[in-house]
Amino acid sequence: KQEVTQIPAALSVPEGENLVLNCSFTDSAIYNLQWFRQDPGKGLTSLLLIQSSQREQTSGRLNASLDKSSGRSTLYIAASQPGDSATYLCAVKNRDDKIIFGKGTRLHILP
Amino acid sequence: NAGVMQNPRHLVRRRGQEARLRCSPMKGHSHVYWYRQLPEEGLKFMVYLQKENIIDESGMPKERFSAEFPKEGPSILRIQQVVRGDSAAYFCASSPPGNRGRETQYFGPGTRLLVL
């Protein structure tokens, strides 16, 4: 059974610093891995999608990596800004088409 | 192209009442997924539907919950005789037909259900 774990559960970082969010999963037989952002009381915004054959994806200040064999992904945020404060969710898509989410990392950027 | 739409955005019900949550997928999308997010928990898969078919309902509670995606109109998640433990955010996602597993899912804003 696929399990997705995100560490840390919460993180506070001064503005301008670079940071890394971690995600691990137990079953490496996945189609893809996706990072989402969720603002309080809002829906999910897709940030980056990495197919199982890829190693990383980049969008602006965000870079996500995938190491399928070790069951790990990281989301790197460069030069953090207060607007980056949100909950970041990692989700893997299994071969049975189900998406399994982690519980998220609540990020707070201190101005 | 409008995104995935869900309504209502907020729904308050008393114990024992019925809750109906609607999801209109993105234009051209024929696959709909429902997820539930309990307080302080991650999103959990509930059900996967295509037009007029339930493909996978392995995440749905066995009682009181049902889902449909008719040929015309939105997908409906129905909760009968709601209890306080049903209070959660319910998210709908849609994806286009295509290579199984390759297409991404686009999420709606969610419906926040509060059971008094």
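Residues numbered from 1 in each chain as written. Chains lettered and ligands numbered in written order. Predicted model: local features only at pLDDT ≥ 70, side-chain atom pairs only at ≥ 80, totals over all residues. Heavy atoms only, no water.

Draft legend 1. Expanded view of a nonpolar patch on the surface. All names here are of chain B. Among the surface-exposed residues, Val12, Leu114 and Leu116 lie close enough to one another that they form a single nonpolar patch of about 240 Å² accessible area. Inspection of the secondary structure assignment puts Val12 in strand E2 (residues 10-13). Of the residues examined, Val12 reaches a relative accessible area of 45% and is grouped as partly exposed. (Patch = residues over 30% accessible without salt bridge, like charges linked within 9 Å, V, L, I, M, F, W, Y side chains within 5 Å. Areas by Shrake-Rupley, 256 points an atom, 1.4 Å probe, with all protein chains shown as cover. Salt bridge = Lys/Arg side-chain N within 4 Å of Asp/Glu carboxyl O. Helix = DSSP H or I, 4+ residues; strand = E, 2+ residues; numbered from the N terminus. Buried < 20%, exposed > 50% of the residue type's maximum accessible area, 1.4 Å probe, protein only.)

Draft legend 2. Quick look at the interface of chain B and chain A. If you look at the interface, chain B gives 23 residues, while chain A gives 21 residues. Interface area for chain B against chain A, summed over the two sides, is near 1,800 Å², with a carbon-plus-sulfur share of 45%. Inspection of the chain B/chain A interface yields two salt bridges. Between Glu41(B) and Lys103(A) there is a salt bridge, with its nearest N and O atoms 3.8 Å apart. Inspection of the chain B/chain A interface yields four residue pairs in polar contact (both at pLDDT 80 or more). For the side of chain B that touches chain A, the secondary-structure elements that each account for two or more residues are strand E4 (31-37) and strand E5 (43-50) of chain B. Of the residues in the side of chain B that touches chain A, the class split is eight nonpolar, seven polar and eight charged. (Contact = heavy atoms within 4.5 Å. Buried area = accessible area lost by both parts, 1.4 Å probe. Polar contact = N/O pair within 3.5 Å; in protein donor to acceptor, adjacent residues only side chain to side chain. Nonpolar A, V, L, I, M, F, W, Y, C, P; charged D, E, K, R; others polar.)

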